[in-house]
Amino acid sequence: MSDDHVYLTLAEGHDDDTRWAYGTGFEDPLHGVDTGVPEGVDIGELARVCVALADDALVSAQRLAEWTTRAPELEEEVALANIGLDLLGQARLLYSRAGQVDGTGRDEDAYAYFRDAQDFRNVRLAELPNGDFAFSVVRLLVLSSWRLAHFERLVDHPDPVLAAIAAKGVKELTYHRQYAADWSVRLGDGTDESHRRMRKALEQVGPYFGELFTAYDVRDEVVDVLRQVTEAAGLPMPVYRPLPGAGRAGDHTEHLAPLLAELQSVARAHPEATW
């Protein structure tokens, strides 16, 4: 495996085009999908899964948007913005599905703009400040690897809408993971300074790593991907050092509320506005 092309190994089993998923596939992912909830599906659990995954995506997208005008190069600024737009699209679909099945009839804006921090169910790793580029790369690698593994399982979910959202998301997340893996190798196997920063980023991720596996049994897949990338980059695996609390239970860091305040400010100032 070439260090410069670790993402090619990670992409085995996927179509070549999935490495360039963002900016493509604009067709409606729910076209022709029956939006009724199949018999036997737990509606409450379905809504909770949709909201949690949507919250992960929305908060991650907001953090990625903060790199606009601040990324190391224009090309990376565009790439990060497009990854954020992919996640935003996933959040919109998931929020809409949650509103259809939870009995509230809420739309995507209601979920995104009119809930407080304690009502969000995203994992805490997503809400941490961006830090330097190395930290954002490591976080993207971990979150995209975890989310991709989970979405690959959701493709077979009995709810056809969630399955269709997952199928679309797999293509996008494959690219996200590959982008982060490529940069992880470039930085980890780069200069002494870039290597140092990547090691520090992996240490910072460690306390939040275990939270990703409390609800979904995808640990082996994610650990395998991270091991491939860190070995190619000459970096250590993130060390699991658990912190008390969990974002899925509404227990967040002090960083989520300010992020949401910025995200929600216009909608809350003009709650009846249409654009």
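Read on for a plain summary of the structure.

Parameters at a glance
- Residues numbered from 1 in each chain as written.
- Predicted model: local features only at pLDDT ≥ 70, side-chain atom pairs only at ≥ 80, totals over all residues.
- Heavy atoms only, no water.
- Axes fitted to C-alpha atoms, helices over the stretch in contact; angles between N-to-C directions.
- Helix = DSSP H or I, 4+ residues; strand = E, 2+ residues; numbered from the N terminus.
- Parallel < 35°, antiparallel > 145°, perpendicular 65-115°, else oblique.
- Left-handed = near helix turned anticlockwise from the far one by under 90°.
- Contact = heavy atoms within 4.5 Å.
- Salt bridge = Lys/Arg side-chain N within 4 Å of Asp/Glu carboxyl O.
- Buried < 20%, exposed > 50% of the residue type's maximum accessible area, 1.4 Å probe, protein only.
- 1 Å grid on protein atoms, 1.4 Å probe; cavity = no way out; pocket = protein on both sides within 12 Å on 5 of 7 lines; lining within 4 Å.
- Points joined across faces, edges and corners; volume = space filled by probe spheres on them.
- Nonpolar A, V, L, I, M, F, W, Y, C, P; charged D, E, K, R; others polar.

### Brief notes about the packing of helix H6 (residues 133-154) against helix H9 (residues 219-233)
The geometry of H6 relative to H9 is characterised by a closest axis approach of 9 Å and an angle of 140° between their N-to-C directions. One way to sum up the angle between H6 and H9 is to call them oblique. In the packing of H6 onto H9, the handedness of the crossing is right-handed. Where H6 abuts H9, its residues Leu141, Val142, Ser145, Trp146, Ala149 and Arg153 lie against Glu221, Val222, Val225, Leu226 and Val229.

### Quick look at the pattern of salt bridges
Counting across every chain of the model gives 14 salt bridges. Among the ionic pairs, Arg115 bridges to Asp55, the shortest N-O distance being 2.5 Å. Here Arg115 is found in the loop between helix H4 (108-113) and helix H5 (124-127), whereas its partner Asp55 is found in helix H2 (residues 43-65), with 60 residues between them in sequence. We note a salt bridge from Asp159 to Arg97, for which the minimum N-O separation is 2.5 Å. Pair noted here: Asp159 is in the loop between H6 and helix H7 (160-188) and Arg97 is in helix H3 (residues 74-101), with a separation of 62 residues, a long-range link. Taking the relative accessible area as the measure of exposure, Arg97 reaches 1% and is therefore buried. Each member of the salt-bridge network shares a partner with another, and the members are Asp132, Glu193, Arg196 and Arg197.

### Details of the layout of surface pockets
Roughly 320 Å³ of volume is contained in the largest pocket. Looking at the largest pocket, it is lined by 18 residues, and the ones nearest its centre are Leu58, Leu88, Arg92, Tyr113 and Leu263. Those elements that provide at least two residues to the lining of the largest pocket are H2, H3 and H4. Per-element tally for the lining of the largest pocket: the top contributor is H3, with 7 residues. Taken together, the residues that form the lining of the largest pocket break down as 12 nonpolar, 3 polar and 3 charged.

### Some words on unusual backbone geometry
Positive phi values are uncommon outside glycine, yet Thr69 reaches one of about 75°. Tracing the chain through its elements places Thr69 in the loop between H2 and H3.

### A few points about the packing of H3 against H7
Where H3 contacts H7, the two axes come as close as 11 Å, and the packing angle between them is 160°. For the element pair H3 / H7, the angle class is roughly antiparallel. The handedness of the crossing between H3 and H7 is left-handed. Mapping the contact onto sequence places Glu76, Ala79, Leu80, Ile83, Asp86, Leu87, Gln90, Leu93, Leu94 and Arg97 in H3 and Val161, Leu162, Ile165, Lys168, Gly169, Glu172, Leu173, Tyr175, His176, Tyr179 and Trp183 in H7. Of the residues belonging to the contact of H3 with H7, the class tally is 13 nonpolar, 3 polar and 5 charged.

### Some thoughts on empty space enclosed by the protein
All chains considered together, the criterion is met by 3 cavities of 30 Å³ or more. For the largest cavity, the calculated volume is near 200 Å³. Forming the walls of the largest cavity are 17 residues, and the residues nearest its centre are Ser60, Leu64, Leu87, Leu140 and Leu143. Taken together, the elements giving at least two residues each to the lining of the largest cavity come down to H2, H6 and H7. Counting residues per element, the lining of the largest cavity draws most heavily on H6, which supplies 7 residues. Its residues assigned to classes, the lining of the largest cavity comprises 8 nonpolar, 5 polar and 4 charged. Taken as a whole, the second largest cavity encloses approximately 40 Å³ of empty space. Around the second largest cavity, the lining residues are Leu64, Trp67, Leu80, Phe133, Ser136, Val137, Leu140 and Tyr179. By residue number, the principal contributor to the lining of the second largest cavity is H6, which donates 4 residues. For the lining of the second largest cavity, the residue count by class is 7 nonpolar, 1 polar and no charged.

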